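# Observations on the three-dimensional arrangement
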Amino acid sequence: MTADAIIAAAQDFADQYITPHAQAWEEQGGLPREFFARAGASGLLGLEVPASFGGAAQSFAVKAEVCEILAGADFGAAMALINSQNVAKKLVTAAPEIAGAYVPDLVIGARVGCTALTEPHAGSDFAAITTRAAAAPGGWRLTGHKAWIVNAAHADTIVVYAQTKAPGDASGIGAFLIDARAPGFQRGTASGSLGLQSCGAGEFQLNDHFVPETAVLGAPGAAFKAILAEINGARLYVAAMCCGMVEAAIRIAAAWGRSRTAFGVPLHEHQSWRFALAEAATDVAGLRALVHAAAARLDRGEDVQLAAAQAKILAARIAQARLPALIHAMGAEGLKPRYPLGRHLMAAQAVGLVDGSTEMLLERVAKLTMKDTG
Ligand SMILES: Cc1cc2nc3c(=O)[nH]c(=O)nc-3n(C[C@H](O)[C@H](O)[C@H](O)COP(=O)(O)OP(=O)(O)OC[C@H]3O[C@@H](n4cnc5c(N)ncnc54)[C@H](O)[C@@H]3O)c2cc1C
C-alpha cells in the first residue's frame, strides 16, 4: 500500500469502525478481539513492517499521521492498534531469525502484541522493576508482575523488560519475548482506566516462564539504552494523537457553534466564543509542525530526544487546556457521551504519564538544555 492509501484506510477505519463503536467499548470495559483482525484487514498493523513480513514498509512520519487520525476517534483504540504494531516492528529489527513465527500473524491481527515495562510499584522509576530473569539452560526463567500494560486484555506476543541483576541496576535490565500461550503466563485484572477502556490496559503475572535464548530481544545492558531511544518515537506519536483529539474537538465545537443560537445569533458569531476555537487551532498548528519536523528527522536517523520530549510536554499541556475549553464552548451539550470529548479529556490526563511523565520529560529537557548551554 502507498502512504496515501494507508492514510485513507486509517481515516476509513476511524470513521466507519472506531467512531460508531468507541463509546460502547468504553461502557463494556474494552474493545473486542475482532478489532485487531479488522485493523489488520485495513493494513494498519504492519505500518513499519517490511513487505517480506506482510507489512506496509512505511516511514515513521506516516505512522504519526495514522496515530493522529485514529486518536481523533478514540485514543484508547489508537493506542491498542499502535502498541500491537510496535511489537511486530520490534521483532523484525531485534530478532529477525524468529520474527517469521510471529510477525505475519501480528500484521493480520491473528496475534496481538504489547510492551511491558511498568509494575505495580515501579512506573516513572523504571530501573526499580523487580520482574526477575534468571539464567537457565538454553535461556531464561521469568517471574514477576506487570501492570498498566496496553493490550494486556488480549495480548499473546509480549515484550517484557526484566531484571537479571539486583533491583535498581539498569545495566541488568533485558528485553524478552513472552508467548502468552506458553506455560507460566497468567492474565490478570484490567487496570480500569476511565475513558480509555478500549486500550485494554491491565496486569499479568509471570511464574517461572521459560524464554529461550533466541527470544531475547535486548541483552542485559543494551535493552535499557534501546528503550530510551525507542521511546522518542512513542513520545512523538502520542503528541500526534493529541493533535488528533484537539482537532476533533475543534470540529465538533465548530459544528455546534453553527447550529446553536444564543442571544439571537449562532454561537460562533459571538467573538469571544470563537476565541476558544482560535486558541485551540493555533496550538494544534504549532504542535503539528513540531511533530512533523521531528518525525522527518527521526526518519533520517537523527537524534530527536529533545524534540520528542518537548513535543510530548507541549501535547499534554495543549490537550489538558484546550479540550476542557472546547467542551465548555458547547455548554451542556459538550457533556454528552455521543461525542468522544469525555474520553479525550481522560486521555489528555494519561498523555501526561505514558512514555515518560511530564515531570520526567522536563528533567530530560533541563539536562539537555544545561548541556547545550554549558
Ligand atoms: C493509559 C495508560 C497506558 C499505559 N500503557 C503502558 C504500557 O503499555 N506499558 C507500560 O509498561 N506501561 C504503561 N503505562 C504505565 C505508564 O508508563 C506509567 O503510568 C508511567 O510510567 C508513570 O508511572 P506511575 O503511573 O506509576 O506514576 P509514578 O511513577 O508513581 O508517579 C506519580 C507522579 O509523581 C511524579 N513523579 C514521579 N517521580 C518524580 C520525580 N522524581 N520528580 C517529580 N515528579 C515525579 C510523576 O510524574 C507522576 O505525576 C500506561 C499508563 C496509562 C495511564
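Here we come to the overall build of the protein. Scanning the protein from N- to C-terminus turns up eleven helices and ten strands. Taken along the three principal axes of its C-alpha coordinates, the protein extends 80 × 55 × 40 Å. Looking at the protein as a whole, 53% of its 374 residues are labelled buried. Of the contacts made within the protein by residues no fewer than 6 positions apart, 74% connect residues no fewer than 24 positions apart. Accessible surface computed for the protein: about 15600 Å², of which carbon and sulfur atoms make up 57%. A distance of 2 Å separates the average location of the 30 positive side-chain charges in the protein from that of its 33 negative side-chain charges.

We now examine the site of the ligand. Close to the ligand lie 16 residues, the nearest being Thr-118, Ser-124, Trp-148, Ser-357 and Glu-359. Here an oxygen atom of the ligand sits 3.0 Å away from a polar atom, N or O, in the main chain of Val-150. Residue assignment for the shell around the ligand shows that the elements contributing at least two residues are β1 (113–116), β3 (139–149) and α11 (358–373). Class assignment of the residues belonging to the shell around the ligand gives a composition of nine nonpolar, six polar and one charged. Inspection of the shell around the ligand shows a minimum of three residues originating in each of domain 2 (114–219) and domain 3 (223–373).

Structurally, Pro-96 can be placed in helix α5 (residues 96–99). A sequence separation of 32 residues divides Pro-96 from Ala-128, and the C-alpha atoms of the two residues are 30 Å apart.

Bringing helix α2 (residues 34–41) into the picture now. For α2, every residue scored as buried is listed here: Phe-35, Phe-36, Ala-39 and Gly-40. Buried residues of α2, seen end-on, are gathered within an arc of 130° and therefore sit on one face of the element. Residues of α2 that are buried in the fold lie against α1 (3–28), α4 (75–94) and α6 (103–108).

The next subject is the packing of helix α9 (residues 305–329) against helix α10 (residues 341–351). It is the contact of α9 with α10, at a shortest axis distance of 9 Å, that shows an interaxial angle of 155°. With respect to α10, the element α9 is oriented roughly antiparallel. The two elements α9 and α10 cross, and the hand of that crossing is left-handed. In this structure, α9 contributes Lys-312, Ala-316, Ala-319, Gln-320, Leu-323, Pro-324 and Ile-327 to the contact, and α10 contributes Leu-341, His-344, Leu-345, Ala-348, Gln-349 and Val-351. In terms of residue class, the contact of α9 with α10 is built from nine nonpolar, three polar and one charged.

A word on the domain arrangement of the protein. Its domain assignment divides the protein into domain 1 (3–112), domain 2 (114–219) and domain 3 (223–373). Distance between the C-alpha centres of domain 2 and domain 3: 30 Å. Taken together, the contact between domain 2 and domain 3 spans 13 residues of the former and ten residues of the latter. The contact between domain 2 and domain 3 buries some 870 Å² in all, and 76% of this surface belongs to carbon and sulfur atoms. Applying the counting criterion to the domain 2 and domain 3 interface returns zero salt bridges. There are one residue pair in polar contact (both at pLDDT 80 or more) connecting domain 2 and domain 3. Here the side of domain 2 that touches domain 3 gets three residues from one element, more than from any other, and that element is strand β5 (residues 173–179).

Now for the environment of Pro-120. For Pro-120, the location among the structural elements is in the loop between β1 and β2 (132–136). Apart from residues lying up to four places away in sequence, Pro-120 is in contact with His-145 and Ala-147.

For the structure on display, the rule yields 20 salt bridges. The residue Asp-179 makes a salt bridge to Arg-111 at a minimum N-O spacing of 3.2 Å. Taken together, the residues Asp-179 in strand β5 and Arg-111 in the loop between α6 and β1 connect sequence positions 68 residues apart. We note that Asp-179, like Arg-111, is buried. Here Arg-322 makes a salt bridge to Glu-279, at a shortest N to O gap of 3.9 Å. Note that Arg-322 is positioned in helix α9 and Glu-279 in helix α8 (residues 271–299), a separation of 43 residues in sequence. One salt-bridge network, in which partners are shared between bridges, spans Arg-33, Arg-111, Asp-156, Asp-179 and Arg-181.

The next thing to look at is the side chain of Thr-164. By the secondary structure assignment, Thr-164 is in the loop between β4 (157–163) and β5. Polar contacts involving the side chain of Thr-164 include one to the main-chain carbonyl oxygen of Gly-172, which spans 2.6 Å. Setting aside residues no more than four positions away along its own chain, Thr-164 makes contact with Arg-132, Ala-133, Trp-140, Gly-172, Phe-176 and Pro-220.

Further remarks concern the side chain of Gln-197. With respect to the helices, strands and loops of the structure, Gln-197 is situated in the loop between β6 (185–190) and β7 (202–212). Of the residues examined, Gln-197 reaches a relative accessible area of 17% and is grouped as buried.

What follows is about the pairing of β5. Of all seven residues in β5, seven are buried, a share of seventy percent or more. Alternating positions in β5 separate into two faces, Ile-173, Ala-175, Leu-177 and Asp-179 on one and Gly-174, Phe-176 and Ile-178 on the other, with burial throughout. When β4 meets β5, the two strands line up antiparallel, connected through seven bridges. Pairing of Tyr-161 across the sheet is with Ala-175, part of β5. Here β5 runs beside strand β8 (residues 216–218); their pairing, made up of two bridges, is antiparallel. Across the sheet, Ala-175 pairs through a bridge with Gly-218, a residue of β8.

Reading the values: the criteria
- Residues numbered from 1 in each chain as written.
- Predicted model: local features only at pLDDT ≥ 70, side-chain atom pairs only at ≥ 80, totals over all residues.
- Heavy atoms only, no water.
- Helix = DSSP H or I, 4+ residues; strand = E, 2+ residues; numbered from the N terminus.
- Buried < 20%, exposed > 50% of the residue type's maximum accessible area, 1.4 Å probe, protein only.
- Contact = heavy atoms within 4.5 Å.
- Areas by Shrake-Rupley, 256 points an atom, 1.4 Å probe, with all protein chains shown as cover.
- Lys, Arg positive; Asp, Glu negative; His and termini not counted.
- Charge placed at Lys NZ, Arg CZ, Asp CG, Glu CD.
- Near = heavy atom within 4 Å.
- Polar contact = N/O pair within 3.5 Å; in protein donor to acceptor, adjacent residues only side chain to side chain.
- Nonpolar A, V, L, I, M, F, W, Y, C, P; charged D, E, K, R; others polar.
- Domains from an automatic or database assignment.
- Arc of directions from axis to C-beta.
- Axes fitted to C-alpha atoms, helices over the stretch in contact; angles between N-to-C directions.
- Parallel < 35°, antiparallel > 145°, perpendicular 65-115°, else oblique.
- Left-handed = near helix turned anticlockwise from the far one by under 90°.
- Buried area = accessible area lost by both parts, 1.4 Å probe.
- Salt bridge = Lys/Arg side-chain N within 4 Å of Asp/Glu carboxyl O.
- Pairing = 2+ DSSP bridges.

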